[in-house]
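Okay, here's what each chain looks like letter by letter:
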Amino acid sequence: MSLSFFIKLTLSSLLTAGVNSYASSPESPEAIADHLDAIPGFEADATVRVGMAQFGNDIDYQLHLTEQNLPSDPYYTNPYVIDWKIADSPSKAHGFSAYFAGNHYRFAGERLQEFHAQWDSIPFDPSLIGLNSEGVQRSVQFFNILPQAIARDIRKIVSDPAYSVSFTSDTIVGGEKVAAIKAVMTVNGTTACTQEYLFDIRSGLPLRIRTENNPGTVSEQSVEVRFIDPAVVTPSINEESLSQTYSDIFARYRSIATTLESLRGRHLPGFSLPTISGERYSRRAADRLRCPAIVVLVDADSCDAPELIRTVRSAADSAAQEVQIIWAFTDNVVDRVEPMTAPSRPDETTLMSARQLIRDCGASRLPAIMIVDEDATVRNVVAGVNNDLISDVIKKSIIKDQRNNN
């Protein structure tokens, strides 16, 4: 997706000559970092390839990046928009992250999250409560390939004695004249990371970044970023531009208080939760299910939980097609959860620590039940402890699903 809607190219030729290019080759890595911090803004498409030695298959992302230079930002972060999608993804996985003036948005898996400093400043500055961690605006995927983050990382690499750094101000790679920074991080005599940055020698903008983490080990990870047509621009990033560029997302998913009822017709939120067998069950919002599912959000302490489990199982057994049951317990102790669903059944999955999923589903009271189609669309929902109602809703929903499949 192009974000050129709110990119305003208003640089004068004098500004372009003064900021968009070097008078000569950059003299040092620090000079490149200074240049990145000085440009009024940045826009580029990019491809990111992530490879893990132990998995074999690479993941390819397609990105559009925009950054606005705003030194006066209260949280020392330039406004940005990072639009991403997974190339050739069957689920068409797509999302974006954006920040400006103490406002942060992130969308993925059919979930739009908002953070606003005027409501709560701690997510933007965790040091306020003594935490030594990045704010939400700097902890999003792909933030590290924005010019502001590249400049920060270059300065960190140059000043860190764990790195050995080499710099070439004028060389040729792939037929292009570039400036190159190569860095090797050594920990206890072992190479922990190698990095290579290539910059256009005329504009000073990034062309390629290659990173190898834990090279030569089973946990080896490689990341290659290629920037396509990077340009100096003067963008304006604000809520109006975001809501117009992502009008459908804002219209469908923007809600301060998501409710369970609002999930009808939408995909079941994505989640990654531990099972009682010590494994992990993970899925994205658009991932298909093996067969229709009854997803039950429940607290093991509920006095109605045993009867609820019997009711749901009875309704599932009466279905004319295969139905799976996913139990999602708030509890995080196996010994409290396992007896509730024993004996285990092959068509069931029991999950724990599901409070985040419950919040994502907007379930204000438990138990809460969702009947979900194979394509992960929530067909029906029911909340409360009326077991007759629960059984009736499940049976009607599954029968309807069976008619549709026929």
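The structure contained in this document is the topic of the report that follows. (Residues numbered from 1 in each chain as written. Predicted model: local features only at pLDDT ≥ 70, side-chain atom pairs only at ≥ 80, totals over all residues. Heavy atoms only, no water.)

With respect to the packing of helix α2 (residues 29-38) against helix α3 (residues 147-159)
Then comes step 1: Running from N to C, α2 and α3 point in directions that differ by 155 degrees, and their axes come no closer than 9 Å. Judged by the inter-axis angle, α2 sits roughly antiparallel to α3. Where α2 crosses over α3, the handedness of that crossing is left-handed. Facing Pro29, Glu30, Ile32, Ala33, Asp34, Leu36 and Asp37 of α2, the residues of α3 in contact are Pro147, Gln148, Ile150, Ala151, Ile154, Arg155 and Val158.
Then comes step 2: Looking at side-chain class alone, the contact of α2 with α3 contains 9 nonpolar, 1 polar and 4 charged residues. (Axes fitted to C-alpha atoms, helices over the stretch in contact; angles between N-to-C directions. Helix = DSSP H or I, 4+ residues; strand = E, 2+ residues; numbered from the N terminus. Parallel < 35°, antiparallel > 145°, perpendicular 65-115°, else oblique. Left-handed = near helix turned anticlockwise from the far one by under 90°. Contact = heavy atoms within 4.5 Å. Nonpolar A, V, L, I, M, F, W, Y, C, P; charged D, E, K, R; others polar.)

Points about a nonpolar patch on the surface
Then comes step 1: Nonpolar side chains collect at one region of the surface, where Ile122, Leu128, Ile129 and Leu131 lie side by side and expose about 360 Å² of accessible area between them.
Then comes step 2: The residue leucine 131 is located in the loop between β7 (111-116) and α3 in this model.
Then comes step 3: Given the relative accessible area of 45%, leucine 131 is considered partly exposed. (Patch = residues over 30% accessible without salt bridge, like charges linked within 9 Å, V, L, I, M, F, W, Y side chains within 5 Å. Areas by Shrake-Rupley, 256 points an atom, 1.4 Å probe, with all protein chains shown as cover. Salt bridge = Lys/Arg side-chain N within 4 Å of Asp/Glu carboxyl O. Buried < 20%, exposed > 50% of the residue type's maximum accessible area, 1.4 Å probe, protein only.)

What to know about the sheet that holds strand β20 (residues 378-383)
Then comes step 1: Across the sheet, which stays open at both edges, the 5 strands sit in the order β18-β17-β16-β19-β20 with mixed pairing between neighbours. Of all the strands in the sheet, just β18 (348-351) and β20 have a single pairing partner and so form its edges. Taken pair by pair, the neighbouring strands of this sheet meet at an average axis angle of 15 degrees, ignoring direction.
Then comes step 2: Direction of pairing for strand β17 (residues 324-329) relative to β18: parallel, over a ladder of 4 bridges. Counterpart to isoleucine 326 in the pairing with β18 is threonine 349. (Pairing = 2+ DSSP bridges.)

Describing helix α7 (residues 334-341)
Then comes step 1: For α7, the set of buried residues is Val337, Met340 and Thr341. For α7, the arc enclosing every buried residue in end-on projection is 80 degrees, short of the 170-degree limit, so these residues lie on one face. In α7, the exposed positions angled more than 90 degrees off the buried face are occupied by Asp335 and Pro339.
Then comes step 2: Buried residues belonging to α7 abut α6 (305-317), β17 and β18. (Arc of directions from axis to C-beta.)

With respect to the sheet that holds strand β12 (residues 221-232)
Then comes step 1: Taken in spatial order, the 11 strands line up as β7-β6-β5-β4-β3-β2-β12-β11-β10-β9-β8 in an open sheet, and their pairing is antiparallel. Of all strands in the sheet, those with a lone pairing partner are β7 and β8 (163-173), marking the two edges. When strand polarity is set aside, the average angle formed by the axes of neighbouring strands in this sheet is 15 degrees.
Then comes step 2: Across 6 bridges, strand β4 (residues 80-86) lies against strand β5 (residues 94-100) in antiparallel orientation. Considered in β5, the bridge of tyrosine 80 is made with tyrosine 99.
Then comes step 3: Across the sheet, α2 lies against β8, β9 (176-187), β10 (190-200) and β11 (206-213), angled at about 110 degrees from β9, the strand it touches most.
Then comes step 4: Packed onto the sheet, α3 meets β2 (41-52), β3 (59-68), β4, β8, β9, β10, β11 and β12 and runs at close to 130 degrees relative to β10.

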